[in-house]
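Survey of secondary and tertiary structure
Listed below, chain by chain, are the residues.
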Protein chains: 2
Amino acid sequence: VEQGNDTELQKLLVEFHYADIAEILDELNLDQAVYVIKLLDSETTSDILKELDEGIREKVLRSLSTKEIAEEVEELDSDDAADIIAELPEERQQAVIEQIEDEEHKAEITELLTYDEDSAGGLMAKELVKVYETWTVAGCMRRIRGQAEEVTRVHSVYVVNKEEKLIGRLSLKDLIVAKNEKKIADIVKVNVDYVNVNENVEEVAKIMAKYDLEAIPVVDDNKTLLGRITIDDIVDVMKEEAEKDYQLAAGITSDVEADDSILELTKARLPWLLIGMFGGIGAASIINGFSDAMLKFPALLMFIPLIQATAGNVGVQSSAIVVQGLTNNTVDGKILSRLLKEFFLGLVNGLAIAAIVLVISHFVFETSYLESLTICVALITVIIMAALIGTFVPIFLDKRGIDAAVATGPFITTSNDVFGIFIYFLIAKMILQF
Amino acid sequence: VEQGNDTELQKLLVEFHYADIAEILDELNLDQAVYVIKLLDSETTSDILKELDEGIREKVLRSLSTKEIAEEVEELDSDDAADIIAELPEERQQAVIEQIEDEEHKAEITELLTYDEDSAGGLMAKELVKVYETWTVAGCMRRIRGQAEEVTRVHSVYVVNKEEKLIGRLSLKDLIVAKNEKKIADIVKVNVDYVNVNENVEEVAKIMAKYDLEAIPVVDDNKTLLGRITIDDIVDVMKEEAEKDYQLAAGITSDVEADDSILELTKARLPWLLIGMFGGIGAASIINGFSDAMLKFPALLMFIPLIQATAGNVGVQSSAIVVQGLTNNTVDGKILSRLLKEFFLGLVNGLAIAAIVLVISHFVFETSYLESLTICVALITVIIMAALIGTFVPIFLDKRGIDAAVATGPFITTSNDVFGIFIYFLIAKMILQF
């Protein structure tokens, strides 16, 4: 494709959706990607830029002049434009903003850059269709024609009073169905959901998902209408959130992809491996501490991996359920009743597994009665303890305002491993009296 | 609240959004919930029913007559109606459908019930706004007024030819902005995305997320327009998908919540614990097989938990990255280069961890040189093997058409545990020559 046959390539690419072109560019090398981008008209390229993989976009932007970036940004909605500018190094940000020709767009982008990227303000777009309560339906339709051309998608029409305060919304459907001479104030839906500009994006996502909203207006503390957030941005937030939780549960500390460099992957993976390592060394100390006694009962050593694996698995299960419940707001404050439930759950699971292990250890490994008893009592205790720890730690972290998702995966596995082995030896000491 | 003060309660609840009422009802007992539902008008209650937690909805529906359910269903969009009916036991389904008065609605629901719930057909709604290419903008607006009253939200207007085949779409914005006398055929956007009725919902979600769509038309093999899927349904699909993957990674085999009964939670959790148990017993057999030799080198036993934990952690990390890459379509077919990368990644991580363990084991636990060497070589080997297995298994399962997410969490942990311990003893045997 890359043999310099420009016009043909141009014709070919015009047929594609920008999201598809972005996907193709992600696969090309930098020179080729920049070459293709310069070939296309700026409306398409700005959309492509928006869709590109973050790492590649950074490189492409580096090879464009500030003037060229300003031109791209000019074509985008204010929220996408602000996102792209925010990725630039500080000194280039200013240069790009200064070269944006549309003064209104420039002001909007500058405003959006002031908000925290995890707040509603950081996600919202300034483009929206706004009408005043005193207008008539016919006048409204006329004005909307003007406003709507700038807005990619009209979800709702927001109704404000003369102080620019949000008082309600209209759907385009309501407008189309309503009679021309009616006043907006008569048909406005005053029960409008809105979020504060400083609200956390995860909270915004929850609200939009709960009420099945496609767009939500963003207001400041005085209820002045500032912008709107649309569902497609929220879909991205939800995806990132789910990926982050998933990676945390798997012990990956920063957002990496399979195609990142070995160095980046190591940086994301080594921290948890080190914590696991210290856990393993802790376990070694425990075994070392009991080593003399253990030589008298070598059969017990065989079951260390079983105790350890079970403790880890139970802990991960319990914590995952709690973390998910916390994410969905279905877990309320009653810690005590929840722990009681985990206690019984652990007891049921523990009894089931201990019964099977009892039979196998006794008949296959020919452990003595006391040894078998030790193994089973330890298993049940460890399962209950792991379930309680797995439940308690995320709730505790959540109450302290820490993201409970960090308490899943390797964290819970490691602590339960060490704790489980310790309990095992403690119970062995009591039953076997060494 | 529940003291029989009906009118007051009614007044109070009218102020709430149905999603909030549903949340309150989730907390009440069954009698109270049914009582409240009978108090409210059927338009609100049908929306509440839709939002209720599945378990509670099932109980509420059981205490309503088929006539009452039919009335509720009558108020809902065809997709939500079909979903609720699909949850009923077979014999009640028929009875409810027969009592739906609106013949068109009845036919639509019956059609939707025939599709697989994981297909586009199972997710789509029949309600949409459809216009023929031969109409004018003014005529179109007139007809849309009629159709739109039945449709909760008008996203796009779909344009069909006289054989009912989809040829394009219009946004309401296009219609409002266009001149009255224009023909639809002149303003239609023919580059319309659509999905086949048999397409898997996860694929639909990917397409809608990629192209930032808010609604997508669903067609049959002849491109006849059958229905449409809106983004709010996709948000639910994405949430469920993310939750399912997360739970699989945590070793939970069926969709459970923190508030489910102990029996349900045990059913979801015990299977993986049993697999972990058999893994632990496998590890016990391996240790047993090497037991005589091990008594000569008791220091090696201390490091079993370390080897096991590290193998598990590395495996989970590798598999999680691959599974996420597969979900996002960023992992392509080149298995060999990916395995090579994991090999080097494992080598880097392994060397780092082995170096620390070498120092600690030698100075703190006073292991001999050969013992320390054994531990370090085993650690590096195990880390590399675990990384390779964690990468290979998900890709292999995916190529076989099996959901790679099952290969994460306890599955990879357990197999790596056992394998890791086996490698450890094998290397010990080679180096220490027992």
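The structure presented is a predicted model; accordingly, all values stated were derived computationally and were not measured. (Residues numbered from 1 in each chain as written. Chains lettered and ligands numbered in written order. Predicted model: local features only at pLDDT ≥ 70, side-chain atom pairs only at ≥ 80, totals over all residues. Heavy atoms only, no water.)

**Focus: the packing of helix 14 (residues 201–210) of chain A against helix 15 (residues 231–249) of chain A**
Residues and elements named next belong to chain A. Here helix 14 crosses helix 15 at 115°, and the two axes come no closer than 10 Å. In the packing of helix 14 onto helix 15, the handedness of the crossing is left-handed. Of helix 15, the residues touching helix 14 (which contributes Val201, Glu202, Val204, Ala205 and Met208) are Ile231, Ile234, Val237, Met238, Glu241 and Lys244. Split into classes, the residues belonging to the contact of helix 14 with helix 15 amount to eight nonpolar, no polar and three charged. (Axes fitted to C-alpha atoms, helices over the stretch in contact; angles between N-to-C directions. Helix = DSSP H or I, 4+ residues; strand = E, 2+ residues; numbered from the N terminus. Left-handed = near helix turned anticlockwise from the far one by under 90°. Contact = heavy atoms within 4.5 Å. Nonpolar A, V, L, I, M, F, W, Y, C, P; charged D, E, K, R; others polar.)

**Some details on helix 6 (residues 66–75) of chain B**
Residues and elements named next belong to chain B. Within helix 6, burial applies to Thr66, Ile69, Ala70, Glu72 and Val73. One face of helix 6 carries all of its buried residues, which in axial projection span an arc of 165°. The inward-facing, buried residues of helix 6 abut helix 3 (30–39), helix 4 (42–51), helix 5 (54–62), helix 7 (78–87), helix 8 (90–98) and helix 9 (103–113). (Buried < 20%, exposed > 50% of the residue type's maximum accessible area, 1.4 Å probe, protein only. Arc of directions from axis to C-beta.)

**Looking at the packing of aromatic side chains**
Overall, the coordinates contain twelve aromatic pairs over all chains when judged by the stated rule. Ring centres of Phe343(A) and Phe344(A) lie 5.6 Å apart, and the angle between their planes is 80°; on these two criteria the pair is classed as edge-to-face. When its relative accessible area of 41% is taken as the criterion, Phe344(A) is described as partly exposed. Centroid distance Phe290(B) to Phe425(B): 5.0 Å. Interplanar angle 10°. Geometry classified as stacked. One end of the pair, Phe290(B), is in the loop between helix 16 (262–289) and helix 17 (291–296); the other, Phe425(B), is in helix 22 (residues 410–432), and 135 residues separate them in sequence. The same class applies to Phe290(B) as to Phe425(B), namely buried. A network of ring pairs unites the aromatic residues Phe290(A), Tyr424(A) and Phe425(A) as a single cluster. (Phe/Tyr/Trp six-rings, centres within 6.5 Å; stacked < 30°, edge-to-face > 60°.)

**With respect to the interface of chain A and chain B**
Between chain A and chain B, the contact holds 103 residues from the first and 103 residues from the second. Carbon and sulfur atoms supply 64% of the area buried between chain A and chain B, which totals about 9800 Å² over both sides. On the chain A side of the contact with chain B, Ile176(A), Tyr246(A) and Arg269(A) bury the most area, a combined 8% of that side's loss. Between the two partners, chain A and chain B, sit three salt bridges. A salt bridge links Arg269(A) to Glu342(B); the shortest N-O distance between them is 3.4 Å. Along the contact surface separating chain A from chain B lie 14 residue pairs in polar contact (both at pLDDT 80 or more). The biggest single contributor to the side of chain A that touches chain B is helix 16 (residues 262–289) of chain A, with 18 residues. Of the residues assigned to the side of chain A that touches chain B, the class counts are 60 nonpolar, 20 polar and 23 charged. (Buried area = accessible area lost by both parts, 1.4 Å probe. Salt bridge = Lys/Arg side-chain N within 4 Å of Asp/Glu carboxyl O. Polar contact = N/O pair within 3.5 Å; in protein donor to acceptor, adjacent residues only side chain to side chain.)

**Structural notes on unusual backbone geometry**
Residue and element names in this part refer to chain A. For Glu164, which is not glycine, the phi dihedral falls at a positive 70°. Tracing the backbone through its elements, the reader meets Glu164 in the loop between strand 2 (156–160) and strand 3 (166–171). Judged by relative accessible area, which is 24%, Glu164 ranks as partly exposed.

**Focus on the layout of surface pockets**
The volume enclosed by the second largest pocket comes to roughly 200 Å³. Residue lining of the second largest pocket: Ala138(A), Met141(A), Arg142(A), Arg145(A), Asn180(A), Val137(B), Ala138(B), Met141(B), Arg145(B), Leu175(B), Ala178(B) and Asn180(B), and that is the complete set. Per-class residue counts for the lining of the second largest pocket are seven nonpolar, two polar and three charged. (1 Å grid on protein atoms, 1.4 Å probe; cavity = no way out; pocket = protein on both sides within 12 Å on 5 of 7 lines; lining within 4 Å. Points joined across faces, edges and corners; volume = space filled by probe spheres on them.)

**Thoughts on the domain arrangement of chain A**
Each assigned domain of chain A is listed here: domain 1 (6–115), domain 2 (129–242) and domain 3 (262–432). Between the C-alpha centres of domain 1 of chain A and domain 2 of chain A the distance comes to 28 Å. (Domains from an automatic or database assignment.)

**What about the packing of helix 2 (residues 18–27) of chain A against helix 4 (residues 42–51) of chain A?**
Residues and elements named next belong to chain A. Running from amino to carboxyl end, helix 2 crosses helix 4 at an angle of 60°, the nearest separation of the two axes being 8 Å. Classified by the interaxial angle, the pair formed by helix 2 and helix 4 is oblique. Both helix 2 and helix 4 take part in a crossing whose hand is right-handed. When helix 2 is examined against helix 4, the residues Tyr18, Ala19, Ile21, Ala22 and Leu25 are found in contact with a partner set consisting of Thr44, Asp47, Ile48, Lys50 and Glu51. Here the contact of helix 2 with helix 4 is built from residues that sort into six nonpolar, one polar and three charged. (Parallel < 35°, antiparallel > 145°, perpendicular 65-115°, else oblique.)

**Examining empty space enclosed by the protein**
Applying the stated criterion across every chain, the model contains seven cavities of 30 Å³ or more. In this model, the largest cavity occupies a volume close to 360 Å³. Lining of the largest cavity is provided by 30 residues; of these, Val316(A), Gly409(A), Thr413(A), Val316(B) and Thr413(B) occupy positions nearest its centre. Broken down by secondary-structure element, the contributors of at least two residues to the lining of the largest cavity are helix 15, helix 19 (304–327) and helix 22 (410–432) of chain A together with helix 15 (231–249), helix 19 (304–327) and helix 22 of chain B. Examining the composition of the lining of the largest cavity, we find that seven residues originate from one element, helix 19 of chain A, more than from any other. Taken together, the residues of the lining of the largest cavity break down into 14 nonpolar, 14 polar and two charged. Quantified by volume, the second largest cavity comes out at close to 80 Å³. If you go around the second largest cavity, the residues you meet are Ile321(A), Val322(A), Arg338(A), Lys341(A), Glu342(A), Leu345(A), Thr391(A), Ala258(B), Leu265(B) and Arg269(B).

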